[in-house]
There are 4 protein chains.
Amino acid sequence: MTSTATPLQGYLSDNAAGASPQILAAMTAAAEGLAAPYGNDELSQSVRAKFADVFDHHVDVFPVCTGSAANGLALAALTPPWGAVLSHPNAHINNDEAGAPEFFTNGARSILVDGPDSKIDADLFRAAVGRRRGDVHSAQPSVVSLTQATESGSAYSLDELAELSSIAHEAGLRVHMDGARFANALIAIGATPAEMSWKAGVDILSFGATKNGAMTADAVISFDGRLATELQFRHKRAGQLTSKMRFQTAQLGAYLDDDLWLNNARHANDMATRLRDGLAGLPGVKILSNSGANILFCHFPDHLSADLRAQGYAFYGDRWEPGVVRFVTSFAHHSSDIDTLVSSVTELTR
Amino acid sequence: MTSTATPLQGYLSDNAAGASPQILAAMTAAAEGLAAPYGNDELSQSVRAKFADVFDHHVDVFPVCTGSAANGLALAALTPPWGAVLSHPNAHINNDEAGAPEFFTNGARSILVDGPDSKIDADLFRAAVGRRRGDVHSAQPSVVSLTQATESGSAYSLDELAELSSIAHEAGLRVHMDGARFANALIAIGATPAEMSWKAGVDILSFGATKNGAMTADAVISFDGRLATELQFRHKRAGQLTSKMRFQTAQLGAYLDDDLWLNNARHANDMATRLRDGLAGLPGVKILSNSGANILFCHFPDHLSADLRAQGYAFYGDRWEPGVVRFVTSFAHHSSDIDTLVSSVTELTR
Amino acid sequence: MTSTATPLQGYLSDNAAGASPQILAAMTAAAEGLAAPYGNDELSQSVRAKFADVFDHHVDVFPVCTGSAANGLALAALTPPWGAVLSHPNAHINNDEAGAPEFFTNGARSILVDGPDSKIDADLFRAAVGRRRGDVHSAQPSVVSLTQATESGSAYSLDELAELSSIAHEAGLRVHMDGARFANALIAIGATPAEMSWKAGVDILSFGATKNGAMTADAVISFDGRLATELQFRHKRAGQLTSKMRFQTAQLGAYLDDDLWLNNARHANDMATRLRDGLAGLPGVKILSNSGANILFCHFPDHLSADLRAQGYAFYGDRWEPGVVRFVTSFAHHSSDIDTLVSSVTELTR
Amino acid sequence: MTSTATPLQGYLSDNAAGASPQILAAMTAAAEGLAAPYGNDELSQSVRAKFADVFDHHVDVFPVCTGSAANGLALAALTPPWGAVLSHPNAHINNDEAGAPEFFTNGARSILVDGPDSKIDADLFRAAVGRRRGDVHSAQPSVVSLTQATESGSAYSLDELAELSSIAHEAGLRVHMDGARFANALIAIGATPAEMSWKAGVDILSFGATKNGAMTADAVISFDGRLATELQFRHKRAGQLTSKMRFQTAQLGAYLDDDLWLNNARHANDMATRLRDGLAGLPGVKILSNSGANILFCHFPDHLSADLRAQGYAFYGDRWEPGVVRFVTSFAHHSSDIDTLVSSVTELTR
């Protein structure tokens, strides 16, 4: 895949897309004039205030350049080194960050808690939080990381979030949400930012913008003011405090303005639904997920994947059970892209 | 200082400037279309090749979002945790990174080696590298970090770099260069990138672009191919491997193209020289540095600083001996800005 | 359980026993006179030479005060922070060290590989070592830790060790052996120290003495001379290099002298066999392990455990499936202790 | 120096001595019978109670096998990773622990505060604690480590301790005392354990016993109950929680019993005084310290050191200014040893 590829071809990940025009416009504006460094500029201050409005709560906002950094910083603030981080086996922090959680937390242990649809099962979680609690010989469950939306494109309902948070807090654990696709989940379950974060018991949120229209801007959003000082130093010390922060907050501000983030996410989700509806019922094609978010898993008959790739389509297919393929849609796909893909599959499965 | 401030007012740091138009244009172009993530896109590949051309050497290039991250990653690759990092007391890694070197290196010790003009003295360095070598009770000198240009605006000559590197390598230490103002130093001493890096014994360079026209793009440049795998994992694990890397490499590419980086640095340095020449000889004003780079230290008579600030000028003045002030110029200053400042000082010292 | 308890009562762990008379005599001798500190004394030097004799190989020996420290130091020398440590879910490093491996390795990831009898299954291991090799997004399998004898009292055969080591080395992993009960395993499988360590592919051994007659003396034994310097600094830096090392090496020397370690282990193993033979066939009692080492797992009928505890016996029984109990024998048990226990169980199950 | 050397010869360090007979007797007693592991035995419990009596305060006691481990654990409990540890340039944590503080604290920074007689100067300290407080770019002064007695054999007076603690606490720093030679200092300044620890503002004490009659037993003594849980996990995780803890607490108990520790320290101090008095006034000999503790620094005329060493005396002399030598006395020296040394010097300087 190259930078000359068309959106038609790209379903590998939503991180293959470029940037929304509004984001670019904000960067253009930010490139003018002088600004105080390290987030002391007016723009950064106003964006922090905007986050408080959006979440209807006091927040401490720390822009970062990757979701891995957001997750690592958040987890480090929520567990001591002798703690354990509980998460689903499919979580990004387990599979795709090369040990970043261990690095940022100074060696907290990873403990996996399974469940269907890439969501942590409440009963398994209840058992896990109490295991060897207070036993000096064992790393202590200290924080649970919930991915919303999950790597499978599913999303926890508000009730599910509330139940898991409640189990966590009663057992003395803190709650982290990996929201690399936070906006897609918001749309998928029809919740407000407040409902899906602090009202659901989330202590710190990794707020993703990059996959949904921004360039390189995510953020740690903390709802617990007591963690602000610690996060501030961890953020600096990890090399995440940029001098020209306005180039990150410009992106985040434009992302929140005029519901760009929600509109982008709604569109991306719709594209996945359109794809699902288009593929459903085709001979040999089996829809495996019905997520509402922007990821679609299917089972394809023999040779279909190879035939599609031969036509230039890009998507992952060899990471799961044989025949299972994944399509990720983004704000950058057009309905016509989806329709073309559906036509191609229809043709090939006729 | 706010984003509506004029360049006239800002001499606090070169990180207050915005971005060069060429950088913005590159970002605009990068915002279009799809691209493979994590640096596998064509643009990122071509920029890596461009760095090899510029340095006339094999290089491994790791874009990062801050200079602190660049320094931390570079040092981590050059010292074991039980090693010591030698640097000048004025070095950014000592004073301005909140312990980032200790974080990235997993606890290597900081050892300071003094010298005039913020440059490490060769004799003191020679003594320091051998201190308690092989003694299991003592952290082992493992890497020296040379800042070029220094925090005072001075720059090591090629001979000075070669001497320090030679002492380091003979004693088994590696050499890191903190090049947050690498381009300014290149211009100041009239050297080529190759001469001022690997030919002078530098193993890894923190290559700064942000202060000299980019938005948020610096890079770790390693001249030692054996460190590539380690750096790759450290870079990922520290949350510095961006999915949309093209938005960093677009900046770095435009920075190198058509000598933008050298032209920007030359202009910034010239502005400092113009300021020095303008202030020299004014009653009570004493020029303290004659660096050639884009930082000017002076001694001001009583009340002058306060009077200037009352007019809206911004510069640091209370961090050093009483009366000592610092002006940092950047690519964004105009000759007329400097002339206005000189006029103001002239007026106030009359 | 208190210090006035008799051996009759104690089957919780072999760490409840005191010390062999020979160990005490060595400590008494070491308490006299002066000695050079930090292992530079003659006694420590001679004990290091003794280890080389016993293992018939060059060894670097680092006395430590706990098995957790031995494991942590060994693993740290065998994996970079971005590596992964593979071990069995039952391994002590997973369950009983509160994250010591993560602490010592600066955050290497733990990956579990299952198998029957607390031993890693070769096929599962073969799959695990290759998973996402070279993928920068994933912690890299770097070292496997084999527990010999295992926490269940089983022991790998020489063939099993060789197969696992071969898989590990071919995939670029190093091999660590947690030998907290190394002597018990030696006796159980009838091997020589060399055969069960470096000849079987072990790179570093955590050599346990404490559970088998010593007071507080274990050691890291490295068969790879290239790791000596690194281990030396890690050992010091972790607060494990004692000034009066002779008080540790005195124990280790006496432990090796006159086959004390082998005799103690043989006796402990025999006591477990005697217990197994005595309990086999009793109504409702089911022998679950037939290890040869000094740990016996059984399934007890209802109430038997409670009744035995009421008589003062101490053993673990609530950590596994209902009804499963564990007895650990040591050098300090007498045949008559075992016979008394067997009689008690016989009486209670009649 | 070998284990057959006589006390006459050894003045290198007090860690060259063996063990007091009472310590050995306690170890002998502890070697008998069974005991609950990990400090749950009666002996360990009683020794913890004994420490509370001795210090007249609630204490949490964590036996460790080295002073470096004690210091590392204490500092880790008193500073976050982004904090700074302030100590005197001569402190053991700076010079002789190969970066153990950085390892245990996960990378806190070391900041040096000078002063005469190896004691931190109050004015310099006052300036240091406030430096860049709250500045996110700078590691935050978080704990001061006071060595009592110092490496020079001097001891802080109670007033000096109170002043430094007061400055520390007012600035939000915690206070650690490195008491590797705590007993020698107690005797030197004539204070009670309570006066010289928590009453003087000490939060955690590294309590040394090894140098003063024990074999391998030091302890972290915390006066702040809120730190108990954290210390417990750090202690375990660092591989310092021994299974047969009674072999450490036996030493510590005997050390405290019948004032053994105070008597040993008084004797060691007296031996240094006797040596000082004997050497004072000899031609060319200059007494450099008058500490009261068990370390004596002198300046020797040319050739005297070499001549003494030729007679078999062992002491350090090439670590400081030319001609400066150090003699360390211990509980194991006899008055006659000192007299013989004095005679030798007298003879050689005649």
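Residues numbered from 1 in each chain as written. Chains lettered and ligands numbered in written order. Predicted model: local features only at pLDDT ≥ 70, side-chain atom pairs only at ≥ 80, totals over all residues. Heavy atoms only, no water.

Going by what an unreviewed UniProt entry lists, chain A is known as L-threonine aldolase and is assigned to Rhodococcus wratislaviensis. For the record of chain A, the UniProt heading Sequence similarities (unreviewed entry) holds the text "Belongs to the threonine aldolase family." (UniProt positions renumbered as here; feature names shortened; annotations may be inferred.)

**Student:** Would you take a moment to explain the interface of chain A and chain D for this structure?
**Tutor:** Bring the parts together and some accessible area is lost; that lost area is often taken as the interface size. The partner chain D presents 18 residues to the 18 residues of chain A that form the contact. Roughly 1800 Å² is buried in total at the junction of chain A and chain D, and carbon and sulfur atoms are behind 68% of that figure. On inspection of chain A and its partner chain D, the count reaches zero salt bridges. Inspection of the region where chain A meets chain D yields eight residue pairs in polar contact (both at pLDDT 80 or more). Class assignment of the residues belonging to the side of chain A that touches chain D gives a composition of seven nonpolar, six polar and five charged. (Contact = heavy atoms within 4.5 Å. Buried area = accessible area lost by both parts, 1.4 Å probe. Salt bridge = Lys/Arg side-chain N within 4 Å of Asp/Glu carboxyl O. Polar contact = N/O pair within 3.5 Å; in protein donor to acceptor, adjacent residues only side chain to side chain. Nonpolar A, V, L, I, M, F, W, Y, C, P; charged D, E, K, R; others polar.)

**Student:** I tried to follow the domain arrangement of chain A on my own but got confused; where do I start?
**Tutor:** Residue and element names in this part refer to chain A. The domain boundaries assigned to chain A delineate domain 1 (9–16 + 260–349) and domain 2 (21–256). Relative placement of domain 1 and domain 2: their C-alpha centres are 28 Å apart. Listed by partner, the interface residues are 21 residues for domain 1 and 24 residues for domain 2. Of the roughly 1700 Å² buried between domain 1 and domain 2 on both sides combined, carbon and sulfur atoms contribute 61%. The interface formed by domain 1 and domain 2 contains one salt bridge. Here Asp14 makes a salt bridge to Arg181, at a shortest N to O gap of 2.8 Å. Taken together, domain 1 and domain 2 are joined by six residue pairs in polar contact (both at pLDDT 80 or more). Every element with two or more residues in the side of domain 1 that touches domain 2 is listed here: helix H11 (260–279), strand E9 (295–299) and strand E10 (324–328). Looking at which element gives the most residues to the side of domain 1 that touches domain 2, the answer is H11, with eight residues. Within the side of domain 1 that touches domain 2, the residues separate by chemical class into 10 nonpolar, eight polar and three charged. (Domains from an automatic or database assignment. Helix = DSSP H or I, 4+ residues; strand = E, 2+ residues; numbered from the N terminus.)

**Student:** Help me understand the side chain of B:Thr147 in this model?
**Tutor:** Along the polypeptide, B:Thr147 turns up in strand E4 (residues 140–147). B:Thr147 sits in the buried class, given a relative accessible area of 9%. (Buried < 20%, exposed > 50% of the residue type's maximum accessible area, 1.4 Å probe, protein only.)

**Student:** Just to check I follow, could you spell out the relation of the copies chain C and chain D for this structure?
**Tutor:** The transform that puts chain C on chain D rotates by 180 degrees and translates by 0.0 Å along the axis, for an RMSD of 0.0 Å. Here the symmetry operator amounts to a two-fold rotation axis. When C-alpha distances to the rotation axis are compared across chain C, the minimum falls at C:Cys65, with a value of 3.3 Å. Most of the interface of chain C is mirrored in chain D, where 98% of its interface residues are also at the interface. (Least-squares fit on C-alpha atoms with pLDDT ≥ 70 in both.)

**Student:** Before we go on, may I ask you to explain the pattern of salt bridges in this structure?
**Tutor:** Side chains that differ in charge, positive against negative, can pair when their charged atoms come close. A full pass over the atoms with the stated rule returns 58 salt bridges over all chains. In this structure, the salt-bridge partner of A:Arg109 is C:Glu102, at a minimum N-O distance of 2.8 Å. Here C:Glu102 lies in helix H5 (residues 100–104) and A:Arg109 lies in strand E3 (residues 109–112), a pairing that spans two chains. What emerges from the salt-bridge pattern is a single network uniting A:Arg174, A:Asp203, A:Asp224 and A:Arg226.

**Student:** I'm lost on the sheet that holds strand E2 (residues 83–87) of chain B in this one. Help?
**Tutor:** Residue and element names in this part refer to chain B. Pairing is mixed across the open sheet formed by seven strands, whose spatial order is E1-E7-E6-E5-E4-E2-E3. Two strands bound the open sheet, and with one partner strand each, they are strand E1 (60–64) and strand E3 (109–112). In this sheet, adjacent strand axes meet at a mean angle of 25 degrees when their direction is disregarded. By the bridge criterion, four bridges tie E2 to E3 in an arrangement that is parallel. Among the inter-strand pairings, Ser87 is bridged to a residue of E3, identified as Leu112. Sheet strands touched by helix H2 (residues 42–55): E1, strand E6 (204–207) and strand E7 (218–222). Its angle to E6, the strand with the most contacts, is close to 115 degrees. On top of the sheet, helix H10 (residues 246–256) reaches E1, E6 and E7; it is set at about 115 degrees to E1, its chief contact. (Pairing = 2+ DSSP bridges. Axes fitted to C-alpha atoms, helices over the stretch in contact; angles between N-to-C directions.)

**Student:** Can you help me understand empty space enclosed by the protein in this one?
**Tutor:** Leftover empty space is mapped by rolling, across the atoms, a probe with the size of a water molecule. Counted under the stated rule, the structure contains 18 cavities of 30 Å³ or more. Its volume calculated, the largest cavity comes out at about 130 Å³. Where the lining of the largest cavity is concerned, the elements lending two or more residues are helix H5 (100–104) of chain B, H5 of chain C together with helix H5 (100–105) of chain D. Taken together, the residues of the lining of the largest cavity sort by class into four nonpolar, eight polar and three charged. (1 Å grid on protein atoms, 1.4 Å probe; cavity = no way out; pocket = protein on both sides within 12 Å on 5 of 7 lines; lining within 4 Å. Points joined across faces, edges and corners; volume = space filled by probe spheres on them.)

**Student:** Which parts of the structure should I look at to understand the relation of the copies chain A and chain D?
**Tutor:** For these two chain copies, the linking operation is a rotation about an axis paired with a shift along it. Screw-axis analysis of chain A against chain D gives a translation of 0.0 Å along the axis, an RMSD of 0.0 Å, and a rotation angle of 180 degrees. Both copies share a contact surface, since 100% of the interface residues of chain A are interface residues in chain D too.

**Student:** Honestly, the sheet that holds strand E9 (residues 295–299) of chain C in this entry has me stumped. Any pointers?
**Tutor:** Each strand in a sheet pairs with another by means of backbone hydrogen bonds, the pair being arranged parallel or else antiparallel. All names here are of chain C. Judged by pairing direction, the sheet is antiparallel, and its three strands sit side by side in the order E8-E9-E10 without closing on themselves. Each edge of the open sheet carries a strand with a single partner, namely strand E8 (286–287) and strand E10 (324–328). Direction of pairing for E8 relative to E9: antiparallel, over a ladder of two bridges. Looking at the pairing, Ile287 lines up with Cys298 of E9. On the sheet, helix H11 (residues 260–279) packs against E8, E9 and E10 and is oriented at approximately 20 degrees with respect to E9.

**Student:** Honestly, the interface of chain C and chain D in this entry has me stumped. Any pointers?
**Tutor:** The interface is formed by 55 residues belonging to chain C together with 54 residues belonging to chain D. Buried surface at the junction of chain C and chain D, both sides included, amounts to about 4800 Å², of which 61% is carbon and sulfur. Among the residues of chain C in contact with chain D, C:Leu34, C:Phe103 and C:Arg237 are the three that bury the most area, contributing 18% of the side total. Here chain C and chain D share 28 residue pairs in polar contact (both at pLDDT 80 or more) between them.

**Student:** I keep staring at the packing of aromatic side chains and nothing clicks. Help me out?
**Tutor:** The description of an aromatic ring pair rests on the distance of the ring centres and on the angle between the ring planes. The final tally for this structure, using the stated rule, is 71 aromatic pairs over all chains. Ring geometry for B:Phe207 and B:Trp261: centres 5.5 Å apart, planes at 50 degrees, overall tilted. Here the residue B:Phe207 occupies a position in strand E6, and B:Trp261 occupies one in helix H11 (residues 260–279), the gap between them amounting to 54 residues. For B:Phe207, a relative accessible area of 1% puts it in the buried group. Using a relative accessible area of 2% as the deciding quantity, one classes B:Trp261 as buried. Both rings, one in C:Phe207 and one in C:Tyr255, keep their centres 5.9 Å apart while their planes meet at 80 degrees; by these two values the pair is edge-to-face. With C:Phe207 in strand E6 (residues 204–207) and C:Tyr255 in helix H10 (residues 246–256), the pair connects residues that are 48 residues apart, well separated along the chain. C:Tyr255 sits in the buried class, given a relative accessible area of 1%. Clustering of aromatic rings is evident, with ring pairs tying together A:Phe51, A:Phe55, A:Phe182, A:Phe207, A:Phe223, A:Tyr255 and A:Trp261. Against the face of D:Phe315 rests D:Arg309, its NZ or CZ located 4.4 Å from the ring centre. (Phe/Tyr/Trp six-rings, centres within 6.5 Å; stacked < 30°, edge-to-face > 60°. Lys NZ or Arg CZ within 6 Å of the ring centre and 35° of its normal.)

**Student:** Mind showing me how you'd approach the confidence of the model for chain A here?
**Tutor:** Do not read the fine detail of predicted coordinates wherever pLDDT is low. Residues and elements named next belong to chain A. Model confidence for chain A is summarised by a mean pLDDT of 95, while 97% of its residues fall at 70 or above. A low-confidence stretch, residues 1–5 stays under pLDDT 50, and its non-local contacts, those more than four residues away or across chains, total 14 contacts. Interface confidence for the predicted complex, given as ipTM, is 0.96, next to a pTM of 0.96. (pLDDT = per-residue confidence, 0-100.)

**Student:** Hey, could you run me through the packing of helix H1 (residues 21–30) of chain B against H10(B) in this one?
**Tutor:** To characterise two packed helices, one gives the angle between the axes of the helices and the distance between these axes. Residue and element names in this part refer to chain B. Taken N-terminus to C-terminus, the directions of H1 and H10 make an angle of 145 degrees; their axes are 8 Å apart at the nearest point. Here H1 runs over H10; the crossing is right-handed. Facing H1, whose interface residues are Gln22, Ile23, Ala26, Met27 and Ala30, H10 presents Arg246, Phe247, Ala250, Gln251, Ala254 and Tyr255. Counted by class, the contact of H1 with H10 contains eight nonpolar, two polar and one charged residues. (Left-handed = near helix turned anticlockwise from the far one by under 90°.)

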